[in-house]
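Survey of secondary and tertiary structure
Now for the letters of each chain:
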Amino acid sequence: MSTPAASPTRPTALVTGATAGLGAGYAESLAARGHDLVLVARDTGRLEERAAQLRERHGVAVEVLAADLADREALQRVADRVADPARPVDVLVNNAGFGLKQRLFDGDPADHERMFDVLCRAVLVLSRAATGAMVPRGRGYVLNVGSVAGMVPGGGHYSAAKAYVIVLTETLAGELRGTGVRATVVAPGYVRTEFHARSGMRSGGRSPLTQRVWLDVDDVVGASLDDLFAGRVVSVPTRRWRAVSTVLDVVPRGVVSRAWNAMPGGAKRRHPGSGH
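Residues numbered from 1 in each chain as written. Predicted model: local features only at pLDDT ≥ 70, side-chain atom pairs only at ≥ 80, totals over all residues. Heavy atoms only, no water.

A look at the packing of helix α1 (residues 21-32) against helix α2 (residues 44-58)
It is at 10 Å that the axes of α1 and α2 come closest, and there the two elements cross at 25 degrees. As judged from the angle between their axes, α1 and α2 are roughly parallel. For the pair α1 and α2, the sense of crossing is right-handed. Counting all contacts with α1, which are made through A24, A27, E28, A31 and A32, the residues of α2 involved are R50, L54, R57 and H58. Residues belonging to the contact of α1 with α2 are distributed by class as follows: five nonpolar, one polar and three charged. (Axes fitted to C-alpha atoms, helices over the stretch in contact; angles between N-to-C directions. Helix = DSSP H or I, 4+ residues; strand = E, 2+ residues; numbered from the N terminus. Parallel < 35°, antiparallel > 145°, perpendicular 65-115°, else oblique. Left-handed = near helix turned anticlockwise from the far one by under 90°. Contact = heavy atoms within 4.5 Å. Nonpolar A, V, L, I, M, F, W, Y, C, P; charged D, E, K, R; others polar.)

Here it is in structure tokens:
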């Protein structure tokens, strides 16, 4: 089957962590909305498989870029692609991430440093590269995947990393005001993806309450892309999770931290994160 050529009339979106979970959902939805794609992940085989599926289903051009975002040289290759003026990227989705079932004080330092590189440094570098190219054109969108976990002190290093993503995006959105470029952070709650399976979490039980807590990928992707293109800075999909985020925003942080650590598992428990 021939590969569709990139169209000068179609916008291009670059998605990191694009082979599974939310990343695969963003790639699918953006292709359905008429975007050519650049897919970024570590596994070349999975990237090629995903690209072939998207080309066949949507007739869009799909480029693959294998990169480990914890590797600075690999990250720079992605940044160079994002900033390439000859092949402009109109939408950047910073989605790549992973969770750790470790405490800060006795976990493996290398694992925590890798988490910082992927969840924080990569978001900074790619957001900077994208907006640096978008502002002169007067248009463009950056969507960073945060988490409600970023509003919870006590959710481990993951919560700290996602708090960084939330504040970084809010800061960037303020600096971009009036440029025609928009930045949005999506802060979902639990999402049913392989992200939680890899981290040793079960994605929901059979009780009605548990089913209401967990979100489907399509719900998060659709709501956050709508918010991105509408210019909303913070996107919290579904009314129930918006209510949770409102409570977390108004309750004193010390109370939230004590309540979290008093729950079964406490500080040893993994973060209440989203799914990548």
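Points about the sheet that holds strand β4 (residues 91-94)
On the basis of which strands lie adjacent, the open sheet formed by seven strands has the order β3-β2-β1-β4-β5-β6-β7 and parallel pairing. Of all the strands in the sheet, just β3 (62-66) and β7 (234-235) have a single pairing partner and so form its edges. In this sheet, β4 lies alongside strand β1 (residues 12-16) in parallel orientation, the contact comprising three bridges. Counterpart to L14 in the pairing with β4 is L92. Against the sheet, helix α3 (residues 72-83) contacts β1, β2 (36-41), β3 and β4, and its axis sits at roughly 155 degrees relative to β3. Taken strand by strand, helix α4 (residues 109-137) contacts β1, β4, β5 (140-145) and β6 (181-186), and its axis lies near 175 degrees from that of β4. (Pairing = 2+ DSSP bridges.)

Looking at the packing of aromatic side chains
Within a pair of aromatic rings, the relevant descriptors are the distance that separates the centres and the angle that separates the planes. Throughout the structure, instances matching the rule amount to one aromatic pair. Where Y141 meets F229, the ring centres are 4.9 Å apart and the plane angle is 85 degrees; that geometry is what we call edge-to-face. Residue Y141 is located in strand β5, and its partner F229 is located in helix α8 (residues 217-230); the two are separated by 88 residues in the primary sequence. Among the residues examined, F229 registers a relative accessible area of 24% and is labelled partly exposed. (Phe/Tyr/Trp six-rings, centres within 6.5 Å; stacked < 30°, edge-to-face > 60°. Buried < 20%, exposed > 50% of the residue type's maximum accessible area, 1.4 Å probe, protein only.)

Focus: the pattern of salt bridges
A full pass over the atoms with the stated rule returns nine salt bridges. We note a salt bridge from D36 to R10, for which the minimum N-O separation is 2.7 Å. Of this pair, D36 sits in strand β2 while R10 sits in the segment before β1, and the two are 26 residues apart along the sequence. A relative accessible area of 2% means that D36 is categorised as buried. Among the salt bridges present, the one from R87 reaches D84, with a minimum N-O distance of 2.9 Å. Residue R87 is classed as partly exposed on the basis of its relative accessible area of 39%. Each of the salt bridges in this network shares a partner with another, and the network as a whole consists of E63, R81, D84 and R87. (Salt bridge = Lys/Arg side-chain N within 4 Å of Asp/Glu carboxyl O.)

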